[in-house]
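Architecture and fold: a report
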Amino acid sequence: AIKKSIVLGTLTLLCLILSSCAAVSDTKVLYFAHSLPTSHPVHKGILDMQSILNEKSGGKLQIKVFPDGQLGSEREVLELLQIGSIAITKVSASALSNFAPEYQITVIPYLFRDDAHLWRNLEGEVGEQLLASGSEYLLRGLCFYDAGARSFYTKEKPINSPDDLTGLKVRVQNDQMSVSMANTLGASATPMAFSELYTALQQNVVDGAENNIPSFVTSNHFEVCKYYTFDEHTMIPDVVIIGTKFWDKLSDQEKNWLRAASKESVVAQKRYWKETIAEQMEMLKKNGVQFTYPNKEAFQEKSRPIMENMKKDPKMKAIIDKINAN
Ligand code: GCU
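Residues numbered from 1 in each chain as written. Predicted model: local features only at pLDDT ≥ 70, side-chain atom pairs only at ≥ 80, totals over all residues. Heavy atoms only, no water.

Time to look at the side chain of E254. With respect to the element layout, E254 can be found in helix 11 (residues 252-286). Once you skip the residues sitting within four places of it in the chain, E254 turns out to touch K28, L61 and K249. (Helix = DSSP H or I, 4+ residues; strand = E, 2+ residues; numbered from the N terminus. Contact = heavy atoms within 4.5 Å.)

Dropping the structure here:
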């Protein structure tokens, strides 16, 4: 609570400074908060968005980036967007699913068949529908960033099959779908914020977690967890979101700059992602991390009830069917 009030106090102060700046020049600065470290390929994509926006607007519309969860967890920052304290964030679609339920479909295990299937959908009709769905909850989507596939990693033993997850406390993201994903696969799901996980792993509060390679590496979780299993249960994208409180106040030209800058930054972000993974895999091998390539069908089979369950909701079923047919 103390940390939160310091954050809010600092924010209020920053807002005051900002509004006074805006009065003396015609530069608008939008605050962009996210939870990943600066060495992360997603952060690098955000920096591209920043420079493209600067260029397009001739410096009139800028973003200032606060990485590393400095301004709060993903859930907290989304709330700050809703009340209009922060303009922009980048969160995992699963964090967003707490606010805009249609994003829950992105957390369904083995929904997307591969990279091409994922992007065909994210950059097609389904993606547009998802990005627009947040506006009702004051959270308007700008673009998706590549967040690869998530797999389990553990401290004590490799995971060769879902049976190996039995009895293991596994950290998941703070949303109902992630909890149900891990529990259905046989683990004991422990939701917590990303920034708390390193200590939780170190102190054996949890036995493992699940994430993509860049987040496993840049958070230094690989120092504690020496087993990484490529079961690739989910492909949950990252999403850049602007609060409608800020969006609605932008001029049409400012909206165009922002929309174009975010979309254009995706191209580089995807490239950073691929380059980073290749380097990081080498680094992990040198640091004694053991990779396991399990039979994914066993994981897929065991997690199937999640999709079946979600299909009971006609609105969700319509989106899932569209994805499956695409
Ligand atoms: C990914 C995602 C983050 C998220 C994290 C998590 O790294 O990019 O936005 O915070 O997973 O597991 O919490």
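Turning our eyes to something else, we now look at the domain arrangement of the protein chain. Domain parsing of the protein chain yields domain 1 (2-146 + 237-277) and domain 2 (150-235 + 279-325). The C-alpha-based centres of domain 1 and domain 2 are spaced at 24 Å. If you look at the interface, domain 1 gives 38 residues, while domain 2 gives 36 residues. Roughly 3,200 Å² is buried in total at the junction of domain 1 and domain 2, and carbon and sulfur atoms are behind 62% of that figure. If you sort the residues of domain 1 by the area they bury against domain 2, P109, Y110 and I277 come out on top, with a joint share of 23%. Remark: the boundary between domain 1 and domain 2 carries two salt bridges. (Domains from an automatic or database assignment. Buried area = accessible area lost by both parts, 1.4 Å probe. Salt bridge = Lys/Arg side-chain N within 4 Å of Asp/Glu carboxyl O.)

Here the structure, examined in full by the defined rule, presents 16 salt bridges. In this structure, K56 and E264 form a salt bridge, with 2.9 Å as the shortest nitrogen-oxygen distance. With a gap of 208 residues between them, K56 in helix 2 (residues 41-57) and E264 in helix 11 connect regions that are remote in the sequence. Here K56 falls in the partly exposed class, since its relative accessible area comes to 34%. Exposure remark for E264: the relative accessible area of 40% places this residue in the partly exposed category. Residue K322 pairs with E125 through a salt bridge whose shortest N-O separation is 3.0 Å. You can see K322 sitting in helix 13 (residues 314-325) and its partner E125 sitting in helix 6 (residues 125-133), a full 197 residues away along the chain. (Buried < 20%, exposed > 50% of the residue type's maximum accessible area, 1.4 Å probe, protein only.)

Take the side chain of N121 next. Locating N121 in the fold gives a position in helix 5 (residues 115-122). Non-local contacts of N121, meaning those with residues more than four positions away in its chain, are made with F112, V126, G127, K322, I323 and N326.

Next up on the list: the site of the ligand. Near the ligand the following residues occur: S35, L36, E74, K90, S92, R150, R171, Q173, F194, N211, S215 and D238. In this structure, an oxygen atom belonging to the ligand sits 3.4 Å away from a side-chain N or O atom of S35. Contacts to the ligand include S92, whose backbone N or O atom sits 3.4 Å from an oxygen atom. Taking 320 Å² as the accessible area of the ligand by itself, protein coverage stands at 98%. Residues of the shell around the ligand, tallied by class, amount to two nonpolar, five polar and five charged. Here the shell around the ligand spans two domains, and each of domain 1 (2-146 + 237-277) and domain 2 (150-235 + 279-325) adds at least three residues to it. (Near = heavy atom within 4 Å. Polar contact = N/O pair within 3.5 Å; in protein donor to acceptor, adjacent residues only side chain to side chain. Areas by Shrake-Rupley, 256 points an atom, 1.4 Å probe, with all protein chains shown as cover. Nonpolar A, V, L, I, M, F, W, Y, C, P; charged D, E, K, R; others polar.)

On to the pairing of strand 2 (residues 61-66). Here strand 1 (residues 28-34) runs beside strand 2; their pairing, made up of six bridges, is parallel. In the sheet register, Y31 faces strand 2, and the bridge partner there is K64. Each parallel crossover has a hand, and for strand 1 linked through helix 2 to strand 2 it is right-handed. (Pairing = 2+ DSSP bridges. Right-handed = clockwise from strand over helix to strand, strands pointing away.)

On to helix 12 (residues 296-310). An ideal rise of 1.5 Å per residue puts 21 Å on 15 residues; helix 12 measures up with 21 Å between its terminal C-alpha atoms. Approximately 40° is the largest bend angle found in helix 12, and it occurs at S303, with the proline P305 only one to four residues beyond. Of all the positions in helix 12, only F299, S303, I306, M307 and M310 are classed as buried. Those residues of helix 12 that are buried lie in contact with strand 5 (150-154), helix 7 (176-184), strand 9 (227-234) and helix 13. Two or three places before E297, at the opening of helix 12, N295 has a side-chain oxygen 3.1 Å from that residue's backbone nitrogen. (Expected span 1.5 Å × (residues − 1). Bend = angle between axes of the 7 residues up to and from the residue.)

We now examine the packing of helix 7 against helix 12. Relative to each other, helix 7 and helix 12 sit at 145°, their axes nearing to 8 Å. Taking contact as the criterion, the partners of M177, S180, M181 and T184 in helix 7 are, on helix 12, K302, S303, I306 and M310. In the contact of helix 7 with helix 12, the residues fall into four nonpolar, three polar and one charged. (Axes fitted to C-alpha atoms, helices over the stretch in contact; angles between N-to-C directions.)

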